[in-house]
Amino acid sequence: MQQSPLLWLDDMSVRFELGRSRGSETVHAVTDARLRLFPGQVLALVGESGCGKSVLASALLGLLPANAWSRGRALLSSGTDEDVELLAAPESVLAREVRGRRVGLVPQSAATHLTPVRTARAQLSEAFRELRGRADRAEVEALARRVGLDPDELDHYPHELSGGMAQRVAVASALVAEPPVVIADEPTTGLDRPLVERVTDLLGELADRERGVLLITHDLDAAARVATHVAVMYASRVVESGPAAEVFGEPWHPYTKRLLGALPEGGFQPVPGHPPALTELAELEREWGCVFCLRCPETPGVAPCNGEPRLVEHGRRSVAAHPPC
Ligand SMILES: Nc1ncnc2c1ncn2[C@@H]1O[C@H](COP(=O)(O)OP(=O)(O)OP(=O)(O)O)[C@@H](O)[C@H]1O
Ligand code: NI
């Protein structure tokens, strides 16, 4: 595996300022995120709904709304092109060089991505023309085959495609420029289990010597299928990260332990309670140190909380507040 990461996030934070009508509150959507994505890795970013996963992806792609600001670093360091500091890059650079070209995005639902009045072939061909300068029929069909689509299926309109096929078209669209980084945000929403598994497996196969995949999901089963690495997010913070087998096999953070306990083989025990409001995190951290404390019963086998919300490295793994015993 190549030594330098494709994507390198350091102390990356994203805040939303809510207007005066809301009493000028600040939403802490992402706090001090530290992540690395290397070629060959499928990094699953997991956590409950609303913890900040999609905002993190939007920030990397320069797609935050006007009431948001970010700080920290997110370095895209892929291929032979110049490095781009994603949080500081002007929109022209993000639009011309990053989105679609160096970072492919597989959206939550292909329906949001595909135009209803044009065939899949027309849309894929247009992406080829835009990103590669021409749309060679054989190349378009070769890409379709690569994602498991019969070229004949490209002549369908989006409403004629099953959810799984539409999502394959979306994966193909993300691959047109052969981007070194692929970000998939909840790519299996609305699909039934067998299709979830097939689309997830397809995304997993995209990680190779030159490419890494950031798979954003709250589907831990899907993550466990293909992830080589995992980052667990809770209330805007990555609370644990490391090689997937190690984190899933022996979670250190009580939140990771609880999440895994909510899986079928864990006996369907939902994590009790609710995550804190993201507008109150600063106060919570001042008071408790760790934002999970309010929801954190004594968990057997987990070290007591040391109140340190920042990730601390221990060899190949990192964890906040609960160093390994
Ligand atoms: N434009 C915005 N203004 C204010 N708050 C926002 C805005 N966009 C997102 N948020 C807040 O940021 C937080 C994180 O949202 P995000 O969509 O990243 O969650 P998520 O982890 O991706 O959840 P899900 O699994 O449901 O997609 C949420 O509390 C959300 O309400
Ligand atoms: Ni999301």
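Conventions and cut-offs
- Residues numbered from 1 in each chain as written.
- Chains lettered and ligands numbered in written order.
- Predicted model: local features only at pLDDT ≥ 70, side-chain atom pairs only at ≥ 80, totals over all residues.
- Heavy atoms only, no water.
- UniProt positions renumbered as here; feature names shortened; annotations may be inferred.
- Helix = DSSP H or I, 4+ residues; strand = E, 2+ residues; numbered from the N terminus.
- Rg over C-alpha atoms; globule rule 2.2 N^0.38 Å.
- Buried < 20%, exposed > 50% of the residue type's maximum accessible area, 1.4 Å probe, protein only.
- Contact = heavy atoms within 4.5 Å.
- Lys, Arg positive; Asp, Glu negative; His and termini not counted.
- Charge placed at Lys NZ, Arg CZ, Asp CG, Glu CD.
- Salt bridge = Lys/Arg side-chain N within 4 Å of Asp/Glu carboxyl O.
- Pairing = 2+ DSSP bridges.
- Axes fitted to C-alpha atoms, helices over the stretch in contact; angles between N-to-C directions.
- Core = buried A, V, L, I, M, F, W, Y, C linked by side-chain atoms within 4.5 Å.
- Patch = residues over 30% accessible without salt bridge, like charges linked within 9 Å, V, L, I, M, F, W, Y side chains within 5 Å.
- Areas by Shrake-Rupley, 256 points an atom, 1.4 Å probe, with all protein chains shown as cover.

By the naming in an unreviewed UniProt entry, the chain goes by Nickel import system ATP-binding protein NikD and is assigned to Actinopolyspora alba. Under the heading Subcellular location (unreviewed entry), UniProt records this for the chain: "Cell membrane". Its UniProt record gives the chain the following Subunit (unreviewed entry) comment, quoted word for word: "The complex is composed of two ATP-binding proteins (NikD and NikE), two transmembrane proteins (NikB and NikC) and a solute-binding protein (NikA)."

Undergrad: Help me understand the overall build of the chain in this model?
TA: The number of helices and strands found in the chain is ten helices and twelve strands. Against the globule reference of 20 Å for 325 residues, the chain gives a C-alpha radius of gyration of 20 Å, in line with a compact fold. Scored against the burial criterion, the 325 residues of the chain give a buried share of 52%. In the chain, once contacts between residues fewer than 6 apart in sequence are set aside, the share between residues at least 24 apart is 66%. The centroid of the 34 positive side-chain charges in the chain is displaced by 2 Å from the centroid of its 44 negative side-chain charges.

Undergrad: I would appreciate a short explanation of the pattern of salt bridges in the present structure.
TA: In this structure the tally under the stated criterion is 22 salt bridges. Residues arginine 134 and glutamate 139 are paired through a salt bridge, measuring 3.5 Å at the closest nitrogen-oxygen approach. On the accessibility criterion, glutamate 139 (27% relative accessible area) is partly exposed. For the salt bridge of arginine 146 with glutamate 178, the shortest nitrogen-to-oxygen distance reads 2.7 Å. Pair noted here: arginine 146 is in helix α4 (residues 137–146) and glutamate 178 is in the loop between α5 (163–175) and β7 (181–185), with a separation of 32 residues, a long-range link.

Undergrad: For this particular structure, what's the right way to read the sheet that holds strand β4 (residues 68–76)?
TA: Strand pairing within a sheet occurs via backbone hydrogen bonds; the two strands may be parallel or antiparallel. Sheet architecture is open: four strands sit in the order β2-β1-β4-β5, paired in antiparallel fashion. Here the strands that pair on one side only, and so sit at the sheet edges, are β2 (26–37) and β5 (84–85). The sheet contact formed by strand β1 (residues 7–17) and β4 spans eight bridges and is antiparallel. From the neighbouring strand, serine 13 faces β4, where its bridge partner is arginine 71. Its contacts with the sheet place helix α1 (residues 53–60) against β1, β2 and β4, and it is angled at close to 110 degrees to β1.

Undergrad: Explain the nonpolar core to me, please; I cannot follow it from the model alone.
TA: Nonpolar side chains in soluble globular proteins tend to end up buried together. Ranked by internal contacts, the top residues of the largest apolar core, which has 68 residues, are Met12, Leu56, Leu60 and Leu86. Of the residues forming this core, the biggest block, six residues, is contributed by β2. In this structure, Leu114, Ala120, Leu202 and Ala222 belong to the second largest nonpolar core, which totals 37 residues.

Undergrad: Just to check I follow, could you spell out the sheet that holds strand β8 (residues 212–217) for this structure?
TA: Spatially, β6-β7-β8-β3-β9-β10-β12-β11 is the arrangement adopted by the eight strands of the open sheet, whose pairing is mixed. The open sheet has two edge strands, β6 (103–106) and β11 (311–314), and neither has a second partner. Pairwise comparison of adjacent strand axes, ignoring direction, gives a mean angle of 20 degrees for this sheet. By the bridge criterion, four bridges tie strand β3 (residues 42–46) to strand β9 (residues 229–234) in an arrangement that is parallel. Residue pairing across strands places valine 46 opposite valine 232, the latter belonging to β9. In the packing of α5 onto the sheet, contacts are made with β6 and β7, and the angle to β6 comes to roughly 170 degrees.

Undergrad: Help me out: how do you make sense of a negative patch on the surface in this one?
TA: A contiguous patch of negative charge, built from Glu25, Glu280, Glu283 and Glu287, is present on the exposed surface. Among the secondary structure elements, glutamate 287 is positioned in helix α10 (residues 281–288).

Undergrad: Is there a simple way to explain the environment of alanine 111 in this structure?
TA: In this fold, alanine 111 is placed in the loop between β6 and α3 (120–132). We classify alanine 111 as exposed; its relative accessible area is 64%. As a C-alpha pair, alanine 111 and alanine 166 span 55 residues in sequence and 7.6 Å in three-dimensional space.

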